[in-house]
Amino acid sequence: MGYILTKEDFDQVIRNLLKSYRIFAPVRRKGAGRFTDVDAVIYDEITEGTQIELEAKSDYSAKEFLLPLSETLFYFTEQEVKEADLDKRPVLFFARSCDLNAIRRTDQIYLANGDARDPFYQRRRDLIRYVLIGCPQSYENCFCVSMDSNRWDGDYVFSVEYSDGQIRSDVADDSFDGFFAQVSGLEKASVSPAYVTENKVKVDIPDQIPASVIKSDLWDEYTTRCINCGRCNFVCPTCTCFTMQDVYYSDNGRAGERRRVAASCMVDGYTDVAGGGSYRKKNGERMRFKVLHKISDFKKRFGYQMCVGCGRCDDVCPEYISFTNIIKKVSRESREVES
């Protein structure tokens, strides 16, 4: 069943849903961008439909509900450990195809190891049901078609997309039709979620990347260009690295909490080890590690590419380093080795 809604109709549907679900969606924050007069589109919990940004690509990915920048896992004293409380209400998660495909990749990392599954990720993941945001057009720097993540083929409860002043929705789960039926006068229509079929930006990645690329001098450029700010990691929907921090309370040094805090392979300190050692000190080495993990290492293990082609890394880099250009350089050098 599909519907054509006005913004007012959509807001009423969201109000109906909020009685049963928490909703996380892209939200526009005025003046919260990199400059004082630039907005930022982030993921946040919403309280009404008018807050949801359906037109612009979000500057930050949808991962921050599943992997908060800082999350307390448990509290401890000398005698006991208590797992941190979590709001157990079910969650509706509004996301585009690339971000849903990114969550599929994150699931592989955190949940595909049988008994070694991450329980803290699992308990958040179990709360989520998807709402698919359709993509009528490609955005700047997107290359999702090349990465086969332009279309979501998994489950979703309904889709939404904004076009020509209207919101089109395909209700895929019949149990959600009642939330729409409560709004009188909705126009019924045959609706299919829109998805991108072509990007201006394209990449072609070889099936096998030779080991010689690791020693290539193509990475030297990024030792001087990259300023190791880590922005590319923190906006990336498939970057999942973290560090652990034990915080001891000042009023009782024998009690505290353990936190999982987002970390970044591009930032100083990530590869520090006991005894003062540190791996990948050069920024070019860090770039090599990140890029090859995205387009080679993950695929060797799971059979498909880690990168989903959202283009956020290119959007956010202050040094205008293009991830797609790096992929093209790696691809070119790989083919030269093969020939």
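Preceding block: the structure.
Residues numbered from 1 in each chain as written. Predicted model: local features only at pLDDT ≥ 70, side-chain atom pairs only at ≥ 80, totals over all residues. Heavy atoms only, no water.

**A look at helix 9 (residues 323-338)**
Heads up, the rule is: Comment: elements are numbered from the N terminus, with helices defined as DSSP H or I runs of at least four residues and strands as E runs of at least two. One fewer than the residue count of a helix, multiplied by 1.5 Å, yields its expected span. To sort residues, take the accessible area from a 1.4 Å probe on protein chains only and compare it with the maximum for the residue type: under 20% means buried, over 50% means exposed, and anything in between is partly exposed. Directions pointing from the helix axis toward each C-beta atom define the arc. A contact between two residues is defined here by any heavy atoms of the two lying within 4.5 Å.
The end-to-end C-alpha distance of helix 9 is 23 Å, a good match for the 22 Å that 16 residues give at a rise of 1.5 Å each. Those residues of helix 9 lying buried are Phe323, Thr324, Ile326, Ile327, Val330, Ser331 and Ser334. One side of helix 9 carries all its buried residues, which in axial view fall inside an arc of 155 degrees. Contacts made by the buried residues of helix 9 are with helix 5 (220-225), helix 7 (283-302) and helix 8 (312-316).

**Details of the packing of aromatic side chains**
Where we set the bar: The rule is short: rings of Phe, Tyr and Trp, with Trp giving its six-membered ring, pair when the centres are within 6.5 Å, and they are stacked under 30 degrees, edge-to-face over 60, tilted in between. Only lysine NZ and arginine CZ atoms are considered, and such an atom sits over a ring when it is within 6 Å of the ring centre and within 35 degrees of the ring normal.
Taken as a whole and assessed by the stated rule, the structure comprises 15 aromatic pairs. Plain terms: the ring middles of phenylalanine 158 and phenylalanine 180 are 5.2 Å apart, the flat faces sit at 85 degrees to each other, and that makes the pair edge-to-face. Separated by 22 residues along the polypeptide, phenylalanine 158 in strand 8 (residues 158-163) and phenylalanine 180 in helix 4 (residues 177-181) bring together distant segments of the chain. We note that phenylalanine 158, like phenylalanine 180, is buried. Here a set of aromatic residues connected by ring pairs shows up, and it is made of Tyr3, Tyr21, Phe94, Phe158, Phe176, Phe179 and Phe180. The lysine or arginine in question, arginine 280, covers the ring of phenylalanine 289, its NZ or CZ lying 3.7 Å from the ring centre.

**Digging into the sheet that holds strand 11 (residues 242-249)**
In a beta sheet, neighbouring strands pair by backbone hydrogen bonds and run either parallel or antiparallel. Keep this limit in mind: By the convention used here, strands pair only if DSSP detects at least 2 bridges between them. For helices, the fitted line uses only the C-alpha atoms of the stretch in contact; every axis is such a line through C-alpha atoms, and the angle between N-to-C directions lies from 0 to 180 degrees.
Read across the sheet, four strands follow the order 5-4-12-11 without closing on themselves; strand pairing throughout is antiparallel. Across the chains shown, the open sheet's two edge strands, defined by having one partner strand only, are strand 5 (81-83) and strand 11. Strand-to-strand, the axes of this sheet are offset by a mean angle of 30 degrees, without reference to chain direction. Bridging between strand 11 and strand 12 (residues 252-262) involves eight bridges; their strand directions are antiparallel. Paired with threonine 243 across the bridge in strand 12 is valine 261.

**A look at the sheet that holds strand 1 (residues 2-5)**
Reading across the sheet, the eight strands line up as 3-2-6-7-8-9-1-10 and stay open at both edges, with mixed pairing between neighbours. One side of each edge strand has no neighbouring strand; the edge strands of this open sheet are strand 3 (40-45) and strand 10 (187-189). The sheet shows a mean angle of 30 degrees between the axes of neighbouring strands, taken without regard to direction. Relative to strand 6 (residues 91-96), strand 2 (residues 22-29) runs parallel, the two being bridged by three bridges. Across the sheet, residue phenylalanine 24 finds its bridge partner in strand 6, namely phenylalanine 93. Here helix 1 (residues 7-18) sits on the sheet and contacts strand 1, strand 2, strand 6, strand 8 and strand 9 (166-170); the angle it forms with strand 1, its principal contact strand, is near 120 degrees. Contacts from helix 2 (residues 97-111) reach strand 3, strand 6 and strand 7 (128-133) within the one sheet, and its direction differs from that of strand 6 by about 115 degrees.

**Side note on unusual backbone geometry**
Phi is positive for aspartate 148, close to 60 degrees, though the residue is something other than glycine. With a relative accessible area of 61%, aspartate 148 lands in the exposed category. Phi at tyrosine 320 takes a positive value of approximately 55 degrees, unusual for a residue other than glycine.

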